[in-house]
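# Inside the fold
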Amino acid sequence: MPDSRSADPERQLPPDSVGLVTPEVAHFAAPLELACGKTLPAYDLVYETYGRLNAERSNAVLVCHALSGHHHAAGYHHSDDRKPGWWDAYIGPGKPVDTNRFFVVSVNNLGGCHGSTGPLSHNPETGRLWGPDFPVVTVSDWVHSQARLADRLGIERFAAVIGGSLGGMQVMQWSIDYPERIASAAVIAATPRLSAQNIAFNEVARQAIRSDPDFHAGRYAEHDAVPKRGLKLARMVGHITYLSEDAMGSKFGRDLRSNDLHFGFDVEFQVESYLRYQGDTFSTTFDANTYLLMTKALDYFDPAASHDGDLARALSPAQCPFLILSFSSDWRFPPARSRELVDALIHAGKRVSYANIVSPYGHDAFLLPEPRYRAIFSAFLQRVAPASGPEDTSEEPRP
Amino acid sequence: MRADLTIIYDWIAPNAHVLDLACGDGVLLEALARHKGVTGYGLEIDSDGITGCVARGVSVIEHNLDDGLASFHDQSYDQVIMTQALQALRRPDLMLHEMLRVADEGIITFPNFAYWRHRVHLGLRGYMPVSKSLPYAWYDTPNIHLSTFNDFEHLCRDQGLVIVDRAVGVGNHRGHWTSRWWPNLFGEIAIFRVRRQS
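Residues numbered from 1 in each chain as written. Chains lettered and ligands numbered in written order. Predicted model: local features only at pLDDT ≥ 70, side-chain atom pairs only at ≥ 80, totals over all residues. Heavy atoms only, no water.

As annotated in an unreviewed UniProt entry, chain B is Methionine biosynthesis protein MetW from Halomonas piscis.

Our working definition: UniProt positions are given in the numbering used here, feature names are shortened, and annotations may be inferred rather than shown by experiment.
Chain A carries the name Homoserine O-succinyltransferase in an unreviewed UniProt entry, which gives Halomonas piscis as its organism. Here is the UniProt Sequence similarities (unreviewed entry) comment for chain A, exactly as written: "Belongs to the AB hydrolase superfamily. MetX family." Checking UniProt for chain A, the heading Pathway (unreviewed entry) contains the comment "Amino-acid biosynthesis; L-methionine biosynthesis via de novo pathway; O-succinyl-L-homoserine from L-homoserine: step 1/1."

Structure representation (structure tokens):
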């Protein structure tokens, strides 16, 4: 629900927060070849970092974001920010991704709409907005672009690459494409490939966007339009799949907004009001072409495909220990999908630990605080934290 | 380490690839990995146990043993261990079969219901035994298939398995000579090492 409290200038940020953070931009002038065969001549990546890189550069953790997420994973952009970053429950001093020990990097993926090069950027060859012409990017492309960012930051090897949902897929791809650059991997609420049902939901979302009269074949920006209705519908469908039936039931039940039934099509049930609110908010903050691209990246992800469907073989290059977590009520990527990944890792002889966290909150559970999730995630990351912490900051900086 | 785990530790070959069913907090696997170069996985259902394993760097899979071992290929392990879980399974006989499908050798420990103290509890006092090895009341026990040293030997014979070795634990120690001579009476914990007939 919208928070109507006004900004409080005296507001103290929580002590276990990474505090105020500012995104940074890295520009890459070298072309990036994409899986689709096209080449991005140059690109920007927007990212945030929390904590400090140690002298050995061995304490970096890469956080990969999910479908509608971006680089802002923890902390606040302004002292009156209403909400912290999307994974703030797990990143910060003393939290599982402990910024007292780790240097955390979180990137906005290529094709995104929060600063990294994407459909809202200009195509240098035409001078026009990329819009629908922005090439289809894949999980693999993201991983390659992130590896270049790591080079730029002087990180040869990540202590951990972690992520939930679509972020978890990037983690899998990292372990396959750059096995020597990743010391451990946490794949949370993810799947080694989408089911037909998942793809079906994504297609409904895409059709909602593409059939909006304001879509203009993706050139809505040039028409000064935004396919808001389509985006709203897409988000509403998505949102239903992220929650569980129980979570919706306990949150809204069949509660009515007023006491009478109106026998019409206005909002009558609380859950309708909630979905419309979520959809409206999303449609003003997210780009339609990006949504299309990201859902396609989800659909295409299938590392086993190039190995005759043999996932164990696809994962054979991986060298690091894995932590795989699923959530009992997640029906978007149910525990059985995580077990497929676990079994493939077992068959490939990899080090893997797996736990299914009991939670009523569906797919969204990976973003929510939960003691058991916290305990096991912490235990895993404590194993990979290097002995030496960040650089000593007690010295005065040299002039 | 628990008495039965100490005995098992000596039975595991260096550099073996093992599966530890009901591995608890992974203390055995950690010791085996550290000192004997052993690799493999633990299976566990208890959440604190799983977190304990992860904290020790032991690979652990959350898994209910009653669901079988379908995730593991035939003969893909050197040894498979199951400590203090046989009695809590829905079908101990099927699990024994599964264990020797995935590995050449199985090591199993369970509380011996025929231990003399248990006999006294039930025979003389008329109560279901409650002891260190059976620490539950009859109404809240997870143990649904209690058996004895003799019962297990019978089961092995029925399944055509060879008992390579057996040992007993009493309290926190390896069994006294009396328990080695009369394990069914004086052994509190039964410890077996079995193989398929070659």
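## Side note on the overall build of chain A
Heads up, the condition is: Numbered from the N terminus, helices here are DSSP runs of H or I no shorter than four residues, and strands are runs of E no shorter than two. With a 1.4 Å probe rolled over the protein chains alone, any residue whose accessible area is under 20% of its type maximum counts as buried; one over 50% counts as exposed, and the rest are partly exposed. Whether two residues are in contact is decided by their heavy atoms: any pair within 4.5 Å suffices. The accessible surface values rely on the Shrake-Rupley method and a 1.4 Å probe; as for residues, cover is taken only from the protein chains in view. Only four residue types enter the tally: Lys and Arg on the positive side, Asp and Glu on the negative side; His and the chain ends are excluded. Each charge is placed at NZ for Lys, CZ for Arg, CG for Asp and CD for Glu.
Along chain A, the regular secondary structure elements total 10 helices and 12 strands. When the 399 residues of chain A are sorted by exposure, 54% land in the buried category. Of all intrachain contacts in chain A linking residues separated by at least 6 positions in sequence, the fraction that spans at least 24 positions is 72%. Of the accessible surface of chain A, which amounts to about 17,600 Å², a share of 51% is contributed by carbon and sulfur atoms. Considering chain A, the positive charge centre built from 37 side chains and the negative charge centre built from 47 side chains are found 3 Å apart.

## Things to note about the confidence of the model for chain A
Selection criterion: The predictor attaches a confidence to each residue, and that confidence, scored 0 to 100, is pLDDT.
Averaged over every residue, the pLDDT of chain A is 93; the share at 70 or more is 94%. Counted against residues more than four places away or in other chains, residues 392-399 of chain A, with its pLDDT under 50, gives one contact.

## What to know about the UniProt feature "site: Important for acyl-CoA specificity" (unreviewed entry) in chain A
The sites that UniProt annotates as "site: Important for acyl-CoA specificity" (unreviewed entry) are Arg332 of chain A. Summarising the element assignment, Arg332 of chain A is placed in the loop between strand S11 (322-327) and helix H9 (335-347).

## Observations regarding the packing of helix H3 (residues 196-210) of chain A against helix H7 (residues 288-300) of chain A
Residue and element names in this part refer to chain A. This is how the line gets drawn: Angular values range over 0 to 180 degrees, each being the angle between N-to-C directions of two axes fitted as lines to C-alpha atoms, with helices fitted over their stretch in contact. By the definition adopted for this analysis, an angle is roughly parallel if under 35 degrees, roughly antiparallel if over 145, roughly perpendicular if from 65 to 115, and oblique otherwise. Definitions for this section: a left-handed crossing has its near helix turned counterclockwise from the far helix by less than a right angle. A right-handed crossing has that turn clockwise.
One can describe the packing of H3 onto H7 by two numbers: an axis separation of 10 Å at closest approach and a directional angle of 160°. The orientation of H3 relative to H7 falls into the category roughly antiparallel. Note on packing geometry: the crossing formed by H3 with H7 is left-handed. Facing Ile199, Asn202, Ala205, Arg206, Ile209 and Arg210 of H3, the residues of H7 in contact are Ala288, Tyr291, Leu292, Thr295, Lys296, Leu298 and Asp299.

## Quick look at the nonpolar core
Put simply, the test is: Here, nonpolar core refers to any group of buried Ala, Val, Leu, Ile, Met, Phe, Trp, Tyr and Cys residues whose side-chain atoms link them within 4.5 Å.
Ranked by internal contacts, the top residues of the largest apolar core, which has 108 residues, are Tyr291 of chain A together with Leu21 and Leu65 of chain B. Those residues in contact with Leu21 of chain B, other than ones at most four positions away along the chain, are Leu43, Leu65, Leu69, Val80, Ile81, Met82, Thr83, Met95 and Met99 of chain B. Formed by 59 residues, the second largest nonpolar core is a distinct cluster that contains Ala189, Leu323 and Phe327 of chain A together with Val18 of chain B.

## Considerations on the pairing of strand S9 (residues 160-164) of chain A
Residues and elements named next belong to chain A. Note the following rule: Pairing between two strands is assigned when DSSP locates at least 2 bridges connecting them. Assignment of crossover handedness uses the view with strands pointing away from the viewer, where a clockwise path from the first strand over the helix to the second indicates a right-handed crossover.
Within S9, five of the five residues are buried, which leaves the element mostly enclosed by the surrounding structure. Judged from the four bridges that link them, strand S5 (residues 60-64) and S9 form a sheet pairing that is parallel. Each residue of the ladder has a partner; that of Leu62, found in S9, is Val161. Pairing of S9 with strand S10 (residues 185-188) involves four bridges; the strand directions are parallel. Along S10, the bridge assignment pairs Val161 with Ala185. Between the parallel pair S9 and S10, the chain is carried across by helix H2 (residues 166-177), and the sense of this crossover is right-handed.

## Details of H9 of chain A
Keep this limit in mind: Multiplying 1.5 Å by the residue count of a helix minus one yields the expected span of that helix.
Here H9 of chain A contains 13 residues, and its C-alpha end-to-end distance of 18 Å stays within 8% of the 18 Å for a straight helix at 1.5 Å per residue. After H9 of chain A finishes, the residue Gly349 of chain A shows a positive phi value of roughly 75°.

## Observations regarding the interface of chain B and chain A
Rules: Here's the idea: put two parts together, see how much 1.4 Å probe accessible area each one loses, and the total over both is what we call buried area. Any Lys or Arg side-chain nitrogen found within 4 Å of a carboxyl oxygen on Asp or Glu counts as a salt bridge. Residues adjacent in sequence count toward polar contacts only when both atoms are side-chain atoms; beyond that, a polar contact is any pair of N or O atoms within 3.5 Å, and within protein one must be able to donate a hydrogen and the other to accept it.
Chain B puts 18 residues into the contact, and the matching count from chain A is 20 residues. Approximately 1,500 Å² of surface area, both sides summed, lies buried where chain B meets chain A, with 52% of it carried by carbon and sulfur atoms. When the buried surface of chain B facing chain A is broken down by residue, Tyr41, Val54 and Glu62 of chain B rank first, second and third, together holding 34% of it. Between Arg372 of chain A and Glu62 of chain B there is a salt bridge, and its shortest N-O distance comes to 3.0 Å. Put simply, chain B and chain A have 16 residue pairs in polar contact (both at pLDDT 80 or more) between them. Looking at the side of chain B that touches chain A, the elements that each hand over two or more residues are helix H3 (47-56) and strand S3 (60-62) of chain B.

## Brief notes about unusual backbone geometry
Residues apart from glycine generally show negative phi values, whereas peptide bonds are mostly found in trans. Of note in this structure, Ala22 of chain B is not a glycine but carries a positive phi near 60°. Mapped onto the elements of the fold, Ala22 of chain B is located in the loop between strand S1 (17-21) and helix H2 (27-36).

## Here's the deal with the environment of Thr83 of chain B
All names here are of chain B. Relative to the assigned elements, Thr83 resides in strand S4 (residues 77-83). Separated by 91 residues in the primary sequence, Thr83 and Arg174 have C-alpha atoms spaced 15 Å apart. Beyond its immediate sequence surroundings of up to four residues, Thr83 is in contact with Arg2, Asp4, Leu5, Ile8, Leu21, Ala22 and Thr109. Within the structure, Thr83 has its side chain in polar contact with the side chain of Arg2 (distance 3.4 Å).

## Quick word on the pattern of salt bridges
Residue and element names in this part refer to chain A. Scanning the model with the defined rule gives 25 salt bridges over all chains in all. We note a salt bridge from Asp151 to Arg181, for which the minimum N-O separation is 2.8 Å. With a gap of 30 residues between them, Asp151 in helix H1 (residues 139-153) and Arg181 in the loop between H2 and S10 connect regions that are remote in the sequence. Between Glu203 and Arg206 there is a salt bridge, with the nearest N and O atoms lying 3.2 Å from each other. Taken together, the positions of Glu203 and Arg206, both in helix H3 and three residues apart, correspond to about one turn of that helix.

## Digging into the packing of helix H10 (residues 371-384) of chain A against H3 of chain B
Short version of the rule: Amino acids are sorted into nonpolar (Ala, Val, Leu, Ile, Met, Phe, Trp, Tyr, Cys and Pro), charged (Asp, Glu, Lys and Arg) and polar (every other residue, Gly among them).
At their nearest, the axes of H10 of chain A and H3 of chain B sit 7 Å apart, and the two run at 15° to each other. With respect to each other, H10 of chain A and H3 of chain B are oriented roughly parallel. Both H10 of chain A and H3 of chain B take part in a crossing whose hand is left-handed. The segment H10 of chain A lies against H3 of chain B, with Arg372, Ala375, Ile376, Ala379, Phe380 and Arg383 of chain A engaging Ser47, Ile50, Thr51, Val54, Ala55 and Arg56 of chain B. Class assignment of the residues belonging to the contact of H10 of chain A with H3 of chain B gives a composition of seven nonpolar, two polar and three charged.

## Quick notes on the packing of aromatic side chains
All names here are of chain A. For the record, the criterion: Any two rings among Phe, Tyr and Trp, with Trp reduced to its six-membered ring, count as a pair given centres within 6.5 Å; such a pair is stacked if its planes are under 30 degrees apart, edge-to-face if over 60, and tilted if neither. Sitting over a ring, as applied to charges here, requires NZ of Lys or CZ of Arg to be within 6 Å of the ring centre and within 35 degrees of the ring normal.
All told, the structure shown has 26 aromatic pairs over all chains when counted by the stated rule. Measuring from ring centre to ring centre gives 6.4 Å for Trp87 and Tyr90, while their planes differ by 55°; the resulting arrangement is tilted. On the basis of an interplanar angle of 45° and a centroid distance of 4.7 Å, the ring pair of Phe252 and Tyr274 is categorised as tilted. With a gap of 22 residues between them, Phe252 in helix H5 (residues 245-252) and Tyr274 in helix H6 (residues 270-285) connect regions that are remote in the sequence. Each member of the pair, Phe252 as well as Tyr274, is classed as buried. Across the ring face of Phe28, the terminal group of Arg152 is positioned such that the distance to the ring centre comes to 4.2 Å.

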